[in-house]
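If you want the building blocks of each chain, they are given just below.
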Amino acid sequence: MIKAILIFNNHGKPRLSKFYEHYNEDTEQQIIRETFHLVSKRDENVCNFLEGGMLIGGSDYKLIYRHYATLYFVFCVDSSESELGILDLIQVFVETLDKCFENVCELDLIFHVDKVHNILAEMVMGGMVLETNMNEIITQVDAQNKMEKSEFFPFFSFSLSLYRRLSFSLPGRTGRHRPVLQERPLVPYQL
Amino acid sequence: MSDVVEKTLTALPSLLSLDSHPGSAKLSSTSKLGNLIRGITELTSKHEEEKLIQHELLAIKEQVSSPNTTMMKELMVRSIYCEMLGYEASFSYIHAIKLAQQGTVLEKRVGYLAVSLFLNESHELLLLLVNTVLKDLQSTNLIEVCMALTVVSQMFPKDMIPAILPLVEEKLNHPKEIIRRKAVLALYKFYLIAPNQVQHIHNKFRKALCDKDPGVMTASLHIYLQMIQENPEAYKDLTPSFVTILKQVVGGKLPMDFNYHTVPAPWLQIQLLRILSLLGKNDQSTSEVMYEVLDESLQRAEMNHNITYAILYECVKCIYTIHPKSDLLEKAAKCIGNFVLSPKINLKYLGLKALTYVVQQDPKLALQHQMTIIECLDHPDLIIKRETLELLFRITNGQNVTVIVEKMLEFLCISEDDHTTIDLVGKVAELAEKYPLKYNEWFIETMNTVFSLGGDMMQPDIPNSFLKLLSEGFDSVEEDRKLRLFAVNSYIPLLRGEPGKLPQRFLQVISWVLGEYSHLREDLEPAEVLSLLAKLLDMKNSSSETKSWVLMAMTKLCKGGADASVTQEVSETYSSSLDTVLRQRAHELQYLSQDPELRARVLPRGSCGNFAFVSEALAAGAAPYKPPHQRQEELDQSKALSLEPYGLSLPISMSSCSITDRQSPTLLSMSSGLSGDTLKLDGIKRVWGREGYLAQREPVEEAAQVEVPSPIQSPGRQGEGDSLHSQTPTQTPTPEPEQEKQQLASSLFVGLASQSSVSLMGKSEPMPQRFRRKAKGQGLGSSFIANEQISSSLISPPSAVDNLLCNNLLDSNNASELAEQTSQLSQSLTTANGTCHAEAELTESDTKGCNPALRRDNCVVAAGPGPHNDPGRLTEVCLDSYLPAELSGLSHSEIAPLCANQSLNLSACHVQKEDSLILVVFIMNSSESAIQQIPAGEVTSYSVAVGQYSLTVKRPAVHVEVVGTVSYQLPAGTSQSLQFSYKVPLTSFIRPFVVSTEEYGTMWLSFSHDTKQNLTLINDNQEPLTATLNALKKKLQLHVVEVIGMEGIVACRLLQDLPCLMHCRVNAGWLAVWLRSPVPDLPDCLIYHCQRALQSL
């Protein structure tokens, strides 16, 4: 079972936290801090698995993480999950985000926390992997978006097309922001 | 860097305004969130952030509670953001629920999302959501149903499940696949939190498993994995279904949509493999159903994508979990090799994990990869390093324990992670305790390091069991004394140094030990110890718990007189302490120090460590105590097949059940006694071998057990045995670091090859006799009667004789019953103790001069009173004369004393006959009693009884240890027993084997177990080959079949007739030896002896 999914940036600022098991507020924050502490000091050329971390549950638990540009995606799982399976699930998640946001970047995650949560809910439900097929996930998210559109909701529509243009140009880069999918940070920036 | 952000963010509103022409609401909302985020980024301190967020929360609160606000959704997102940063926005919870209740679909979604992020199962507000969920479940809008199911699977109050259960159940028949799938997962969640409430719908789970949509089927596997984990027996009938599903998936029968990087539904495959491994565990017939599909999975998963490795890994684990099949095992082993050798670090990690998992079944595999393991030990990635240590922990035996512990301690010094430290400290302590007195000093020193590194984080049972070990001691009084003395000696300098730096727990241990045992060191004045202890009291950072330990130690030490001033002062200081415990201790100290008589009564020396009540409770059927980390280990079983002794799990409980069925109460209590004794929980049967599953040995043939200890080697001597195990040929000189690694490898992997695997698996290597723990309470010893039935009453009062006579006659008349009984006993021993590596067949030896009373399968010859009245002078020379006549002509080994107590002296020797090895046991009565009437069969005072046993080795090991017990009755009628163990080198069982060269050739090809090694040549004459072979022949009784040029072939057999062939070739100044045998381990053991033989020349 997946116990928690955390996304934070290179400086430990949380970008998304989803706990599938109940911890109190303070513990959750501590878990995020501890996880960041554990993950951030790891080099690039070491394995993507981490054991330990007292808070989240001791020896049965594992942190499986990937580092994309400015963001760390960390899945905290128990022994019933396959390590490499989860590692690829993170990849599926990020690729899905990339498709939904078109060249997803950290800012997308900040401003659309709810949307990211919705995408995640189609992948993982109550700690169990629900869907691993990217196209299927996107279909589901789209279907929901369409429903909403049909209600003629006047503002803040979730249509993908509107968001596509929400891009931020960075100095030194032409037009497009840096996609999260790039594994190595090119120009580290802080948010 | 920050101006990059700033520019980005300042660009934000303008971009937004360009984008969002339809609604101005969007602009304002997003920019508010944008403002918030920008504000947070500009902050420099946590304090400012807090201020800003509080301000923001206030603003949200104000807006949220104003009626008809149109920006609920946006406000919720802002609250979510604040909550994510760790600031409580509890005022918004109720609004989130309201939003989920009343909003439009879009608002509902945000409302539900906020609820699932804010609340938890036990939150009281959640009850308000139940109605909303009910309503939405009945909605015709699919999106609403989906949202309701999602929130239900995230959290739902347990008590409210019945209210919505029928609705969720109904959804299993929903036409939409996505709804069915979510409903299945929601039901799984219910199953997790309230299993009894969903019991009635188990057949619906089956329907979900058969769903036409693979997605729904996949979701139902979550449930099945869980249920099968809990009770595999109930779902065995589903095995063919799972196999068929997996076959179809592997065969690519699923739609292309399910492919991920051209691999068909990898996650589904992983899930299925896990289920299969649970079903096939310990079940041959079920396992057989899945062999084919596993083979196919292994073959298909050969592409080089990450996810195929995930499948392969599960496959390998499954193959090693289910009932073994040799060709699958071979393929799996190859796979593990690929993992371990992979340059990809993630795969290496998993390879190590897999090795850790299988090493208990197949230690040779670790041996194959020893150099890689050594490299991983120095890997820059701490995780890899730790995993390697975990692996080493599982292959620890008596010979490599020091090296492995050293490596662990090295790691401990650099580890910063608390969790790792606690875990490793526990493991080191476990190892140190398991092989404690092998090297007294090493044990104490290791524990000292453990205490100082582990600090106050370690499991509290570590110091406790350490103290218990010290106080209970072992069989030998002298060893105990030495151990305690060494502990005292090592603590005094620590206290003289800087005790302030030591952790509290360590100080407590030190003060206890000094209190109990500092008197052992004669040159140490109690006054000095007292003043050292008093120093601890004055330290600022001493906790009051430590202080009370110190005060207790002082109470034990003070004798009045000169020490009085120190104790007086201390007790006065603390008798007014605010801490009641301290005050109590101080008063005790005060009174007891003034009244030596009372003190002697209250605290008699050596009164500590009386755990007899524990054994009594255990004998009465109480569950044995398990320290917390053991319990944790048991929980971790799925992590690795926990065959280690501490994993006191299913196998042992099953075996003790079988004992209960058939055995006497003594054995029952014996087994519980065993499980209470943490040092000897070796209760795992050996079911695995190189050739796969070992059939349950017919226990009838096991009349006696021969235990194989590791060859006890002092650290200094370790090296010589080592080179044998390193597989890399030593012909070419290797560069320096390489050599270091090889050295390390040999010291780490020593004992792996020569020992039968079971000892590694269970870490059940028996300790030599003197290291055995004392049998407490009901007496472990009684169980060993099974080993050798020397249970005739040797010293008994006349009244007991008749009774005994009867029994014995009964025994001999009813031989089959005896055999059965014996077999049961031995079996119970095997399972409960797990230490037998080789069994000796106890055959009937001669019955010369025996008395009817002792007409037993083994003969105990009662001899007349010895010529010497002083037992002390009864030396080996005179024992010689007791050797049975037919053996006296043959050469026998030195008669070695085995053990003794006040009434019996045991000695033994072995005699090599042409076709057997006879163990002769001399039992001498050294007591003054029982001299009056001497019915034959009794051993009168100072006389000797001789028993002889023919030994055979079933499973070879470097040394074979015979363990036995003499049970006897004292005149007083109390029965007693005396354990002994006797070690015989394997060479004693080796006999020449005469074959022709042709026969040799055919046999060579048919033998499966082999080993190769380079040995030193004897170079003192012209014909090094012949000289070496002759030397070996002389030492080991080998038969040289033929010598052709630079090659020679040699043959020998292990009694009775287990052949071993040896092919020798002179190559570059070495003798390249290749041994083959049908018996596993025999080549390894033999090469060890060849090496020793050549070295000793």
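Residues numbered from 1 in each chain as written. Chains lettered and ligands numbered in written order. Predicted model: local features only at pLDDT ≥ 70, side-chain atom pairs only at ≥ 80, totals over all residues. Heavy atoms only, no water.

So the rule is basically this: UniProt positions are given in the numbering used here, feature names are shortened, and annotations may be inferred rather than shown by experiment.
For chain B, an unreviewed UniProt entry supplies the name AP-4 complex subunit epsilon and the organism Astatotilapia calliptera. Under Function (unreviewed entry), UniProt gives the following word-for-word description of chain B: "Subunit of novel type of clathrin- or non-clathrin-associated protein coat involved in targeting proteins from the trans-Golgi network (TGN) to the endosomal-lysosomal system." In the Sequence similarities (unreviewed entry) part of its UniProt record, chain B is described as follows: "Belongs to the adaptor complexes large subunit family."

1. Here we look at the overall build of chain B
The cut-off we apply is this: Only DSSP runs of H or I with at least four residues qualify as helices, and only runs of E with at least two residues qualify as strands; both kinds are numbered from the N terminus onward. Classification of residues uses two cut-offs on accessible area relative to the type maximum, computed with a 1.4 Å probe and protein chains only: under 20% is buried, over 50% is exposed, and between them is partly exposed. Whether two residues are in contact is decided by their heavy atoms, any of which lying within 4.5 Å being enough. The accessible surface values rely on the Shrake-Rupley method and a 1.4 Å probe; as for residues, cover is taken only from the protein chains in view.
From N to C terminus, chain B includes 46 helices and 19 strands. Burial statistics for chain B: of 1097 residues in total, 60% are counted as buried. Of the contacts formed within chain B by residues at least 6 apart in sequence, a portion of 69% connects residues at least 24 apart. Total accessible area on chain B stands at roughly 43900 Å², and carbon and sulfur atoms take up 53% of it.

2. Quick notes on the overall build of chain A
Helix and strand content of chain A: six helices and seven strands. Taken from N to C terminus, the helices and strands of chain A fall in the order β-β-α-β-β-β-α-α-α-β-β-α-α. Residues classed as buried in chain A amount to 68% of the 191 residues present. In chain A, of all internal contacts separated by at least 6 residues, the share reaching a separation of at least 24 is 56%.

3. Some points on the confidence of the model for chain A
Defined as follows: The score called pLDDT rates the predictor's confidence residue by residue, from a low of 0 to a high of 100.
Summarising the model, chain A shows a mean pLDDT of 74, and 72% of its residues fall at 70 or more. Segment residues 151–191 of chain A: pLDDT under 50, and 121 contacts once partners within four positions in sequence are set aside and those in other chains are kept.

4. Here we look at the pairing of strand β18 (residues 1058–1067) of chain B
All names here are of chain B. The condition that has to hold: Strand pairing follows a simple DSSP-based rule, namely that at least 2 bridges must link the two strands.
Most of β18 sits out of view: seven of its 10 residues are buried. Where strand β17 (residues 1047–1054) lies against β18, eight bridges are found, and the strand directions are antiparallel. Within β18, the position partnered with E1047 by the bridge is R1065. Alignment of β18 against strand β19 (residues 1070–1077), held across seven bridges, turns out to be antiparallel.

5. Observations regarding the packing of aromatic side chains
Residues and elements named next belong to chain B. To be explicit about the condition: Note on ring pairs: Phe, Tyr and Trp rings are taken, using the six-membered ring of Trp, and paired if centres are within 6.5 Å. Classes follow the plane angle, with under 30 degrees stacked, over 60 edge-to-face and the rest tilted.
Per the stated rule, a full pass over the model turns up 20 aromatic pairs over all chains. Taking 5.8 Å as the distance between ring centres and 50° as the angle between the ring planes, the aromatic pair formed by F443 and F466 counts as tilted. Residue F443 is located in helix α24 (residues 440–454), and its partner F466 is located in helix α25 (residues 461–472); the two are separated by 23 residues in the primary sequence. Here the two residues F443 and F466 agree in accessibility, since each one is buried. Ring plane angle 70° and centroid distance 5.3 Å describe the contact between F451 and F466, whose orientation is recorded as edge-to-face. With F451 in helix α24 and F466 in helix α25, this pair connects stretches of sequence that are 15 residues apart.

6. Looking at the side chain of Q140 of chain A
On the secondary structure map, Q140 of chain A appears in helix α5 (residues 134–150). Q140 of chain A sits in the buried class, given a relative accessible area of 14%. Those residues in contact with Q140 of chain A that sit more than four places away from it in its chain are E122 of chain A together with I178 of chain B.

7. A few points about the side chain of E56 of chain B
Residues and elements named next belong to chain B. What counts, and what does not: In the analysis that follows, any N or O atom pair within 3.5 Å is treated as a polar contact, provided that within protein one partner can donate a hydrogen and the other can accept it, and provided that, for residues neighboring in sequence, both atoms belong to side chains.
The residue E56 is located in helix α3 (residues 46–65) in this model. By relative accessible area, which is 12% here, E56 ends up buried. Side chain to side chain, E56 and R78 meet in a polar contact 2.6 Å long.

8. Comments concerning the pattern of salt bridges
For clarity, the threshold we go by: Basic side-chain nitrogens of Lys or Arg form a salt bridge, by our definition, when they fall within 4 Å of a carboxyl oxygen of Asp or Glu.
Summed over all chains, the structure comprises 28 salt bridges over all chains. The closest approach of N and O atoms between E49 of chain B and K13 of chain A, which form a salt bridge, is 3.8 Å. Of the two residues, E49 of chain B is situated in helix α3 and K13 of chain A in the loop between β1 (2–9) and β2 (14–19); the pairing between them involves two chains. Classification of E49 of chain B by relative accessible area gives buried; the value is 8%. R206 of chain B is paired through a salt bridge with D237 of chain B; the nearest N and O atoms lie 2.9 Å apart. Of this pair, R206 of chain B sits in helix α11 (residues 202–209) while D237 of chain B sits in the loop between α12 (214–230) and α13 (239–250), and the two are 31 residues apart along the sequence. Residues participating in the shared-partner salt-bridge network are R386, E390, R394, D423 and K427 of chain B.

9. Overview of the confidence of the model for chain B
Residues and elements named next belong to chain B. Per-chain confidence: chain B averages 70 in pLDDT, with 69% of residues scoring 70 or above. Considering only residues more than four positions removed or in separate chains, one finds that residues 1–29, a stretch of pLDDT under 50, has 43 contacts. Below pLDDT 50 for its whole length, residues 754–877 participates in 348 contacts with residues either more than four positions away or in separate chains. Interface confidence in the predicted complex, given as ipTM, is 0.81; pTM for the same model is 0.60.

10. Describing helix α29 (residues 544–557) of chain B
Residues and elements named next belong to chain B. We count it as follows: Here a helix's expected span is defined as the number of its residues, less one, multiplied by 1.5 Å.
With 14 residues, α29 should reach 20 Å at 1.5 Å per residue; the first-to-last C-alpha distance of 20 Å fits that figure. Counting buried positions over the 14 residues of α29 gives 10, a clear majority of the element. For α29, the set of buried residues is T546, K547, S548, V550, L551, A553, M554, T555, K556 and L557.

11. A look at the pairing of strand β4 (residues 62–68) of chain A
All names here are of chain A. Summarising burial for β4: seven of the seven residues are buried, a large majority. Side chains of β4 alternate between two faces, with K62, I64, R66 and Y68 and L63, Y65 and H67 buried alike. Here strand β3 (residues 49–51) pairs with β4 via three bridges, running antiparallel. In the strand pairing of β4, F49 is matched with I64. In terms of strand pairing, β4 meets strand β5 (residues 71–77) through seven bridges, oriented antiparallel. Residue R66 lies in a different strand from β5, and its bridge partner there is F73. Between the end of β4 and the start of β5, which pair antiparallel, lie two residues, with A69 showing a positive phi angle near 45°.

12. Focus: the sheet that holds β2 of chain A
All names here are of chain A. Note the cut-off: An axis is simply a line fitted to the C-alpha atoms; with a helix, the fit covers only the stretch in contact. Between two such axes, the angle follows the N-to-C directions and lies from 0 to 180 degrees.
In space, the five strands of this open sheet follow the order β2-β1-β5-β4-β3, with antiparallel pairing throughout. Lying at the two open borders of the sheet, with one neighbouring strand each, are β2 and β3. Mean inter-strand twist for the sheet, computed between neighbouring axes without regard to direction, equals 20°. Direction of pairing for β1 relative to β2: antiparallel, over a ladder of five bridges.

13. Concerning the environment of K353 of chain B
When you line up the elements, K353 of chain B lands in helix α18 (residues 345–358). Sequence separation between K353 of chain B and I336 of chain B is 17 residues, and the spatial gap between their C-alpha atoms is 9.5 Å.

14. Here we look at unusual backbone geometry
All names here are of chain B. The backbone phi angle of N282 is positive, close to 55°, even though this residue is not glycine. Within the fold, N282 resides in the loop between α14 (266–280) and α15 (284–300). The backbone phi angle of Q1037 is positive, close to 60°, even though this residue is not glycine. With respect to the secondary-structure elements, Q1037 resides in the loop between α45 (1024–1036) and β16 (1039–1044). Take Q1037: its relative accessible area is 29%, and that puts it in the partly exposed class.

15. Quick notes on the packing of α15 of chain B against helix α16 (residues 306–321) of chain B
Residue and element names in this part refer to chain B. What counts is decided by this rule: Should an angle fall under 35 degrees it is called roughly parallel, over 145 degrees roughly antiparallel, and 65 to 115 degrees roughly perpendicular, with every other angle called oblique. Helix crossings get a hand from a simple test, with the near helix turned counterclockwise from the far one by less than a right angle marking a left-handed crossing and a clockwise turn marking a right-handed one. Put simply, Ala, Val, Leu, Ile, Met, Phe, Trp, Tyr, Cys and Pro go in the nonpolar bin, Asp, Glu, Lys and Arg in the charged bin, and everything else, Gly too, in the polar bin.
Remark: α15 packs on α16, axes separated minimally by 10 Å, with the N-to-C direction vectors making an angle of 150°. With respect to their mutual orientation, α15 and α16 come out roughly antiparallel. Crossing hand, α15 versus α16: left-handed. Where α15 approaches α16, its residues L294, S297 and L298 are matched on the opposing element by L312, C315, C318 and I319. Residue classes in the contact of α15 with α16 are distributed as six nonpolar, one polar and no charged.

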